[in-house]
Amino acid sequence: MNDVHELLGRAADDAGTPALSTGTVYARAARIRRRRRALVSAAALTVVAAGALTVARAGEQGDTAHSSVATTPRPTGSPATSAAPAPALTKTERLAALLPPDVGEIEEVLLLALIKGSPPEHAQGPLLGPLDGQYAFRKDGGVGYLVLTYEDREAVTAKEGRPADPDTDLCPEPGQETSRTECVREALPDGRVLTLWKSAMPFRGGDEVRWGPELTGQLVQRDGSQLLVRSSTGFESTGTQGPLLDEPPVSREQLKALLTGPEVLPEKP
């Protein structure tokens, strides 16, 4: 009814103009109410839309927080880039890392256990070097072997009665009858002496084992210690693991790199 009163008041103010009928007043009042309801509805829609936008933004922030919580937490104080330490390599893996991949599959073995059936505790002497041992090399259906031994000054003296001497020439004199061939002696700049030779390993009657041809090396150090190595094409015996290789599994150049590298020597105290 306020709308009617407002229109009647306007009509009173308009004295001198044609008077409004009661029907006209009520018709105008109805139009005013419709316009106001439309304005109120539009305002309500605006408020609802604003509320929906606020809720949507809050939902987006909530999703982000949820993702962070779902991430596996790391221990307090640990760096984001920390990783578990890599497992230590076995001795066979460390040896393989020093050789080219075409040498074949490498496996640590005990030759006395293979050849004579000795129990493992009696088939291996003391190992002083980090890579000391006996290794089988499987390639192209055959099996060869590498024997690597480090002997410190005390061990050499106990075996030979004196320390290893770099000045000793292991290569045969010209015309000397020996199984050593293609013998090369090399004095290294640091005073060590490396000697590599080839041996036919001739078969002798009564031997239980027949070894194939091999490369042999000896590195003598100034402190009286030495490194010994055999790169053999294999052996024939009741304990053989396969046919002989055509060539020694580790070549002359590879033996030199192996013997002169720091990986085959014990760490200095």
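For the structure, see preceding data.
Residues numbered from 1 in each chain as written. Predicted model: local features only at pLDDT ≥ 70, side-chain atom pairs only at ≥ 80, totals over all residues. Heavy atoms only, no water.

## Regarding the overall build of the chain
Counting its secondary structure elements, the chain contains 6 helices and 9 strands. When the 269 residues of the chain are sorted by exposure, 29% land in the buried category. Restricting the contact set of the chain to residue pairs at least 6 apart, pairs at least 24 apart contribute 59%. Working note: accessible area of the chain is about 17300 Å², and carbon and sulfur atoms make up 56% of it. (Helix = DSSP H or I, 4+ residues; strand = E, 2+ residues; numbered from the N terminus. Buried < 20%, exposed > 50% of the residue type's maximum accessible area, 1.4 Å probe, protein only. Contact = heavy atoms within 4.5 Å. Areas by Shrake-Rupley, 256 points an atom, 1.4 Å probe, with all protein chains shown as cover.)

## Regarding the state of the cysteines
Going through the model one piece at a time under the given rule, you end up with 1 disulfide. The residue that forms a disulfide with Cys-171 is Cys-183, at a sulfur-sulfur distance of 2.0 Å. Handedness of the Cys-171-Cys-183 disulfide follows from its S-S torsion of about -80°: it is left-handed. Of the two residues, Cys-171 sits in the loop between helix H5 (153-160) and strand E4 (180-187) while Cys-183 sits in strand E4, which places them 12 residues apart along the sequence. Judged by its relative accessible area of 17%, Cys-171 falls in the buried class. (Disulfide = S-S within 2.5 Å.)

## Quick notes on the environment of Ala-123
Relative to the assigned elements, Ala-123 resides in the loop between helix H4 (111-116) and strand E2 (133-139). With relative accessibility at 5%, the residue Ala-123 sits in the buried group. Between the C-alpha atom of Ala-123 and that of Val-109, which follows or precedes it by 14 residues, the distance is 9.8 Å. Each residue touching Ala-123, except ones within four places of it in the same chain, is listed here: Leu-110, Leu-112, Ala-113, Ser-118 and Gln-134.

## Re the nonpolar core
Core analysis: the largest hydrophobic core is formed by 22 residues, its most contacted members being Leu-95, Leu-99, Ile-106, Phe-137, Leu-146, Leu-255 and Leu-259. When contributions to this core are tallied by element, the ones reaching two or more residues are E2, strand E3 (142-151), strand E5 (193-199), strand E7 (214-220), strand E8 (226-232) and helix H6 (252-260). Discounting chain neighbours no more than four positions away, the residues touching Leu-255 are Leu-146, Leu-196, Leu-215, Val-229, Ser-231 and Val-250. By size, the runner-up hydrophobic cluster in this structure holds 10 residues, among which are Val-109, Leu-111, Ile-115 and Tyr-145. (Core = buried A, V, L, I, M, F, W, Y, C linked by side-chain atoms within 4.5 Å.)

## Some details on the sheet that holds E5
Taken together, 7 strands build an open sheet; the order of strands is E1-E2-E3-E8-E7-E5-E4 and the sheet is antiparallel. On the outer flanks of this sheet lie strand E1 (105-109) and E4, each paired with one strand and no other. Looking at each pair of strands side by side, their axes are set apart by 15° on average, direction ignored. Sheet analysis places E1 next to E2, joined by 5 bridges and oriented antiparallel. Bridging from a neighbouring strand, Val-109 pairs with Gln-134 of E2. Those strands touched by H6 are E3, E4, E5, E7 and E8, and its axis lies near 145° from that of E5. (Pairing = 2+ DSSP bridges. Axes fitted to C-alpha atoms, helices over the stretch in contact; angles between N-to-C directions.)

## Regarding the packing of aromatic side chains
Within the structure shown, the criterion is met by 3 aromatic pairs. Taking 6.4 Å as the distance between ring centres and 80° as the angle between the ring planes, the aromatic pair formed by Tyr-145 and Trp-211 counts as edge-to-face. Separated by 66 residues along the polypeptide, Tyr-145 in strand E3 and Trp-211 in strand E6 (residues 210-211) bring together distant segments of the chain. Ring plane angle 55° and centroid distance 5.2 Å describe the contact between Trp-211 and Phe-235, whose orientation is recorded as tilted. Here Phe-235 lies in strand E9 (residues 235-236) and Trp-211 lies in strand E6, a separation of 24 residues in the sequence. Both residues of the pair, Trp-211 and Phe-235, belong to the buried class. Among the aromatic side chains, those forming a connected cluster through ring pairs are Tyr-145, Trp-211 and Phe-235. We note Arg-180 situated over the ring of Trp-197; from NZ or CZ to the ring centre the distance is 4.1 Å. (Phe/Tyr/Trp six-rings, centres within 6.5 Å; stacked < 30°, edge-to-face > 60°. Lys NZ or Arg CZ within 6 Å of the ring centre and 35° of its normal.)

## Section: the pairing of E7
In terms of burial, E7 is a largely internal element, 7 of the 7 residues being buried. In E7, alternate side chains face the same way, and those of Glu-214, Thr-216, Gln-218 and Val-220 on one face and Leu-215, Gly-217 and Leu-219 on the other are all buried. Direction of pairing for E5 relative to E7: antiparallel, over a ladder of 7 bridges. In the strand pairing of E7, Thr-195 is matched with Gln-218. Counting the residues that bridge the hairpin from E7 to E8 gives 5 residues, and of these Gly-224 lies at a positive phi of roughly 90°.

Functional significance is not addressed by these values, which are geometric in nature.
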